[in-house]
Amino acid sequence: MIIRLDEIDSTNEYAKRLVEDGYSSDEMCVVSAQYQTAGKGRRGRGWITPPGTCLTFSILYRPGLPTEACPMITLVMAMAVRAALFDFDIECQIKWPNDIIIGGKKLCGILTEAIPDSDYKVVGCGINLNQEAFPEDLADKATSILIETDDCVDEDNLLESIVGYFEKYAESLTENKNLSGLMDEYNDMLVSKDKEVTVLDPKGEYEGISEGINQNGELIVRRPDGSKELVYAGEVSVRGVYGYV
Ligand code: BTN
């Protein structure tokens, strides 16, 4: 089922309200909107984009997995977005855990949430399509498909393709209850693989080499002394030592 809205506060919030109001299907439900008045980003940040410039949608589904699996669902969505864009001849990479980047800048962000008192999860995704420019504070970090390719993609076709890939990858996650069937493919899409990263851990920043994800979706970071840290997406973020990527 796909619900297309012109304007809504947030497609993630809309999906949550569907469940609160008794939605009980086992099918995936896609909610897309032309404009979000209160779009949500990670860590309490907002995700506000001018009407019609960004593909904003959420997938509501029952993965049969606990709340702790939400970061893995984010990784699955990142794979789906990257694979679908590739079919449109748009080459991009994943910045663990929840960004898609192109030309060193962010094209897409993903936010997965567990829906309280239910076994549903909602994974929301915003992909910059048609912005010609970004505000000054974002200009060196954000980009759009139009800026990168001088072209527009058909929004409906892109959404359909992402949902198709998401169904495929999500099936593997549900079957294995981890990313064992997907992690090699994920690591091939990962921008930081074998590169130096800074881990922004609240207990103290450190640097190391990103070795890619394990089957739980944690990023394996090798410290200069050879020890390995498992970085959990919920706790910290990672950036390249030379900036955003
Ligand atoms: C981030 O990079 O911080 C995550 C951004 C997620 C934005 C999407 S847009 C569709 C869905 N609805 C929301 O309110 N947020 C997500």
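Residue positions are given per chain, counting from 1 as you read along its sequence in written order. At least 70 in pLDDT is required for a residue's local features to be given in this predicted model, at least 80 for side-chain atom pairs to be given and counted, and no such filter applies to totals for whole chains, interfaces and linings, which use all residues. The side-chain quantities take in all heavy atoms of the structure and omit both hydrogens and water.

### Things to note about the overall build of the chain
Next up, step 1: Helix and strand assignments come from DSSP, with helices taken as H or I runs of at least 4 residues and strands as E runs of at least 2, each series counted from the N terminus. Of regular secondary structure, the chain possesses five helices and twelve strands.
Next up, step 2: The globule rule used here is 2.2 Å times the number of residues to the 0.38 power, and the radius of gyration it is set against is calculated over C-alpha atoms. For 245 residues, the compact-globule estimate of 2.2 N^0.38 gives 18 Å, and the chain sits close to it at 17 Å.
Next up, step 3: Each principal axis of the C-alpha distribution contributes one length, and for the chain these read about 50 × 40 × 30 Å.
Next up, step 4: Between buried and exposed lies partly exposed: a residue is buried under 20% and exposed over 50% of the maximum accessible area for its type, with that area taken using a 1.4 Å probe on protein chains only. For the chain, the residues scored as buried account for 53% of the 245 residues in total.
Next up, step 5: Restricting to contacts in the chain with at least 6 residues of sequence separation, those with at least 24 account for 63%.
Next up, step 6: For every accessible area listed, the method is Shrake-Rupley and the probe measures 1.4 Å; residues are considered covered only by the protein chains on display. As presented, the chain carries roughly 11,500 Å² of accessible surface, and 46% of it is formed by carbon and sulfur atoms.
Next up, step 7: The charge count includes Lys and Arg as positive and Asp and Glu as negative, but it does not include His or the ends of the chains. Every charge is mapped to an atom, namely NZ of Lys, CZ of Arg, CG of Asp or CD of Glu. Between the averaged position of the 23 positive side-chain charges in the chain and that of its 43 negative side-chain charges there is a distance of 6 Å. Contact between two residues is taken to exist if any of their heavy atoms lie within 4.5 Å; hydrogens are not considered.

### Examining the sheet that holds strand β6 (residues 105-114)
Next up, step 1: Two strands are said to pair when DSSP picks up at least two bridges between them. Here seven strands make up an open sheet; going across it, the order is β1-β2-β3-β7-β6-β5-β4 and the pairing mixed. Both edges of this open sheet fall to β1 (2-8) and β4 (93-95), since each of them pairs with a single strand only. Sheet twist, expressed as the mean angle between neighbouring strand axes with direction ignored, is 20 degrees.
Next up, step 2: Judged from the four bridges that link them, strand β5 (residues 99-102) and β6 form a sheet pairing that is antiparallel. Within β6, the position partnered with aspartate 99 by the bridge is glycine 109.
Next up, step 3: Where helix α4 (residues 155-176) meets the sheet, it contacts β1, β2 (29-36), β3 (54-61) and β7 (121-128), and its direction lies at approximately 35 degrees from that of β3. For every element, the axis is a line fit to its C-alpha atoms; helices are fit only across the contacting stretch, and the angle between N-to-C directions ranges from 0 to 180 degrees.

### Quick look at helix α1 (residues 11-20)
Next up, step 1: Within the span of α1, buried status applies to Thr11, Asn12, Ala15, Lys16, Leu18 and Val19. All buried residues of α1 lie within an arc of 155 degrees about the axis, which places them on one face of the element.
Next up, step 2: The secondary structure elements touched by the buried residues of α1 are β1, β2, β3, β6 and β7.
Next up, step 3: Here a polar contact is recorded for every N or O atom pair within 3.5 Å, except that within protein the pair must consist of a potential hydrogen donor and a potential acceptor, and residues adjacent in sequence are included only if both atoms are side-chain atoms. Among the residues of α1, the N-terminal cap falls to serine 10, whose side-chain oxygen and the backbone nitrogen of asparagine 12 are separated by 3.2 Å.
Next up, step 4: Looking one or two places after α1, you find glycine 22, whose phi comes out positive at around 110 degrees. The arc under discussion is defined with respect to the helix axis, by the directions toward the C-beta atoms.

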